[in-house]
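Summary of structural features
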Amino acid sequence: MPLADLLAPEAVFPSLRASSKKQALQELAHQAAALVDRDQREVFETLLQRERLGSTGVGSGIAIPHGKLPGLPKLFGAFARLEKPIDFEALDGEPVDLIFLLLAPEAAGADHLKALARVARMLRDPETAEKLRATRDASAIYTLLTTTPASDAA
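Quick summary incoming for the structure in this document. Worth saying up front: this structure is predicted, and the values here are computed from it rather than measured.

Considering the pattern of salt bridges
- Scanning the entire structure with this criterion turns up six salt bridges.
- The closest approach of N and O atoms between Arg41 and Glu45, which form a salt bridge, is 3.1 Å. Here the residue Arg41 and the residue Glu45 both occupy positions in helix H2 (residues 40-53), the gap between them amounting to four residues, near one helical turn.
- Residue classification places Arg41 among the exposed residues on the basis of a relative accessible area of 55%.
- By relative accessible area, Glu45 is classed as partly exposed at 29%.
- Lys131 is the salt-bridge partner of Glu127, the closest N and O atoms lying 3.4 Å from each other. Note that Glu127 and Lys131 are positioned in helix H4 (residues 126-134) at a spacing of four residues, about one turn of the helix.
- Assessed through its relative accessible area of 54%, Glu127 is described here as exposed.
- On the basis of relative accessible area, Lys131 is assigned to the partly exposed category, the value being 43%.
- Taken together, the shared-partner salt bridges in this structure form one network comprising Lys21, Glu51 and Glu89.

See below:
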């Protein structure tokens, strides 16, 4: 599944302002809830539940918060580039400035895991991460995310 199948152009936020992990998750939950026609609190609580299991800060300034929502028709992604890096309790202790939110239907199973792996692979590519950090244009970020080779790999 190419990232273009789960990331819409309007789900790219090139300069999100947040001073904490909680605030970043709240803002992303707010934006995502509007785009998938769900309650903001439900999305936020789903993300918080997952964070309680362990931080989704995967290292190198990247976080991939994710969760499953009952009744969600398909996988949904949103990307945010933070104005300033924040502490996300990442595995490497580094602050996070690139966040890819992934929401999945409850029964997504392997598709959810494949999408997580694809996003992680793409964002961990140093060249891709550098380009994402260098641009503040939403359409350029969307194009970069959806045309990078790792975004189409199975």
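The discussion continues.
Overview of the packing of H4 against helix H5 (residues 138-147)
- Where H4 meets H5, the closest approach of the two axes is 9 Å, and the angle between their N-to-C directions is 165°. As far as their axial angle goes, H5 and H4 are roughly antiparallel. The hand of the H4/H5 crossing is left-handed. On H5, the residues touching Thr128, Lys131 and Leu132 of H4 are Ile141, Leu144 and Leu145.
- In terms of residue class, the contact of H4 with H5 is built from four nonpolar, one polar and one charged.

Conventions adopted
- Residues numbered from 1 in each chain as written.
- Predicted model: local features only at pLDDT ≥ 70, side-chain atom pairs only at ≥ 80, totals over all residues.
- Heavy atoms only, no water.
- Salt bridge = Lys/Arg side-chain N within 4 Å of Asp/Glu carboxyl O.
- Helix = DSSP H or I, 4+ residues; strand = E, 2+ residues; numbered from the N terminus.
- Buried < 20%, exposed > 50% of the residue type's maximum accessible area, 1.4 Å probe, protein only.
- Axes fitted to C-alpha atoms, helices over the stretch in contact; angles between N-to-C directions.
- Parallel < 35°, antiparallel > 145°, perpendicular 65-115°, else oblique.
- Left-handed = near helix turned anticlockwise from the far one by under 90°.
- Contact = heavy atoms within 4.5 Å.
- Nonpolar A, V, L, I, M, F, W, Y, C, P; charged D, E, K, R; others polar.

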